[in-house]
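# Geometric and topological summary
Spelled out from the first residue to the last, the chains are:
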Amino acid sequence: MFDYTWRWYGPNDRITIQQAKQAGARSVVSALHHIPNGEVWTKEEIKKRIEEIAVVGLEWSVVESVPVHEDIKKQTGNYKQYIENYKETLRNLSKFGIRTVCYNFMPVLDWSRTHINYEMPDGSQTLLYKMADFAAFDMFILKRPGAEADYKPEMIKKAEAAFDKMTQEEKDTLSDAILAGLPGSEETYTLEAFQAVLDEYKGIDRAKLQKHLFDFADEIMPVAEECGILMGIHPDDPSWNLLGLPRVMSSVQDAKALIEHYDSPSNGITLCTGSWGTNYNNCLVSMTEELAHRINFVHLRNVQRDEDYNFMEHYLFQGDIDIFGVMKALVTSEDRRGFDEKFPGHKLPLRPDHGNQMLDDIGRNYFPGYSLYGRMKALDKIKGLEIGIRGMIQGDDRPHACPSTLNIQD
Ligand code: DNO
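Moving on, we come to the packing of helix α9 (residues 206-226) against helix α10 (residues 252-261). Running from amino to carboxyl end, α9 crosses α10 at an angle of 40 degrees, the nearest separation of the two axes being 10 Å. Taken together, the axis directions place α9 and α10 in an arrangement best described as oblique. The hand of the α9/α10 crossing is right-handed. Side by side, α9 and α10 meet where R206, Q210, L213, F214, A217 and D218 of the first sit next to D254, A257, L258 and H261 of the second. Partitioning the contact of α9 with α10 into residue classes produces five nonpolar, two polar and three charged.

Shown next, in the form of structure tokens:
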């Protein structure tokens, strides 16, 4: 059985904790976004958030994310101190029984999109990544030295055509979408500051970044084990290199490399179907099966992709990801996680990821992706899917007595 969670940004979230509860959350995913990256999350601050959530009788079950300071990714400056602070934060979280912690190792940018209010045929709005627009930003707005080398000649042409058609307002909106950082990323940049930050990664290639990730894991995983915390690294979103920066969590091979580097239930992944799913080479159903023993957190979302690496966030059952197959694999691989023996009572936390903006969401300026109705709809679809799959597995012989033998609460 899964723990159905809802991401809540805290008191600054325009969606209240009461609404999250009514939307069907059984527990909450949150983070202390007001604490600067690298600093310790004190017990007092953690307790405050717990209390803010508890007013409606919910628990804070998952942290998404404890951000990894850029200095840790580059191994520069005060990075050793930041790692110590990270450990302290984990210890503090564990004192309150928080078991799951999500993090990512994407340099500079967290997730990226080019459009955050893209209109779907039914008038609802979604998030979109248009490669030509991203390339136009890279080559003609940011003017990153050497950017052309990263795109095929046909894509450069498409980017030129897209850029020529853009009004100044569209260019600004595009830059904002990329630079202002989407929720979850804790940094915002001006163009100049952004280029300067990219430059700091010169000399850090894929191999080096992966080594820095492994070094980080070597430091924090023993502490996570000690305090019974299950870490789940979030994949790169999208799952390919951006802006000349290396990325090291884009494929099943990347995930396996980390898992094998430090073999422990604490060293797991976040199965974010929409992010891993941007990459054609990742079959989400096989990944769910293959990595089942190390899946510590799940985000369910669908994307529709094309051969130009454009992708649009779509409804849960529309798009290129076999959500049914993923859910079935999650259900059938349950025993391999071994939670029952190691962490009695612990259920795999799962959440609807982004939802489109629909009905009364439109114009409300919720954090991009984090709508009320769109996510609520997805959450209920996911719950129904679980009920259906478990019923299907029990088969036709399932006694259809009342009350339901599936015993799944809404
Ligand atoms: C977007 C999210 C990301 C994610 C972080 C995890 O909706 O999936 O912001 O929270 O990358 O560290």
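Bringing the site of the ligand into the picture now. Neighbouring residues of the ligand: 15 residues in total, closest E64, S65, N104, H354 and Y370. S65 is positioned with one of its side-chain polar atoms (N or O) 2.5 Å from an oxygen atom of the ligand. Contact between the ligand and Y370: an oxygen atom at 2.5 Å from a side-chain N or O atom of the residue. Taken by itself the ligand offers 330 Å² of open surface, and the protein chains cover 100% of this. For the shell around the ligand, the per-class residue count stands at six nonpolar, six polar and three charged.

Here the focus is the nonpolar core. Ranked by size, the top nonpolar core spans 114 residues in total, and within it W41, L93, Y103, F194, M231, M327 and L330 carry the most contacts. Summarising the domain contributions, this core has at least three residues from each of domain 1 (3-110 + 206-394) and domain 2 (115-180). Contact partners of M231, with chain neighbours within four places excluded, come to Y86, L90, V101, Y103, I220, M221, A224, S266, N267, G268, I269 and N296.

Moving on to the sheet that holds strand β10 (residues 302-305). Read from one edge to the other, the open sheet built from four strands follows the order β5-β6-β11-β10, with strand pairing classed as antiparallel. The open sheet terminates on both sides in strands that have one partner only, identified here as β5 (115-119) and β10. Taking the axes of each pair of neighbouring strands and ignoring which way they run, one obtains an average angle of 40 degrees across the sheet. Relative to strand β6 (residues 125-129), β5 runs antiparallel, the two being bridged by three bridges. Looking at β6, one finds that E119 is bridged to Q125.

On the surface, a nonpolar cluster with roughly 280 Å² of combined accessible area is contributed by F324, M392 and I393. Positionally, M392 belongs in helix α16 (residues 373-394). The exposure class assigned to M392 is partly exposed, which follows from its relative accessible area of 43%.

Rules and cut-offs
- Residues numbered from 1 in each chain as written.
- Predicted model: local features only at pLDDT ≥ 70, side-chain atom pairs only at ≥ 80, totals over all residues.
- Heavy atoms only, no water.
- Axes fitted to C-alpha atoms, helices over the stretch in contact; angles between N-to-C directions.
- Helix = DSSP H or I, 4+ residues; strand = E, 2+ residues; numbered from the N terminus.
- Parallel < 35°, antiparallel > 145°, perpendicular 65-115°, else oblique.
- Left-handed = near helix turned anticlockwise from the far one by under 90°.
- Contact = heavy atoms within 4.5 Å.
- Nonpolar A, V, L, I, M, F, W, Y, C, P; charged D, E, K, R; others polar.
- Near = heavy atom within 4 Å.
- Polar contact = N/O pair within 3.5 Å; in protein donor to acceptor, adjacent residues only side chain to side chain.
- Areas by Shrake-Rupley, 256 points an atom, 1.4 Å probe, with all protein chains shown as cover.
- Core = buried A, V, L, I, M, F, W, Y, C linked by side-chain atoms within 4.5 Å.
- Buried < 20%, exposed > 50% of the residue type's maximum accessible area, 1.4 Å probe, protein only.
- Domains from an automatic or database assignment.
- Pairing = 2+ DSSP bridges.
- Patch = residues over 30% accessible without salt bridge, like charges linked within 9 Å, V, L, I, M, F, W, Y side chains within 5 Å.
- Salt bridge = Lys/Arg side-chain N within 4 Å of Asp/Glu carboxyl O.

These figures come from the coordinates and say nothing about function on their own.
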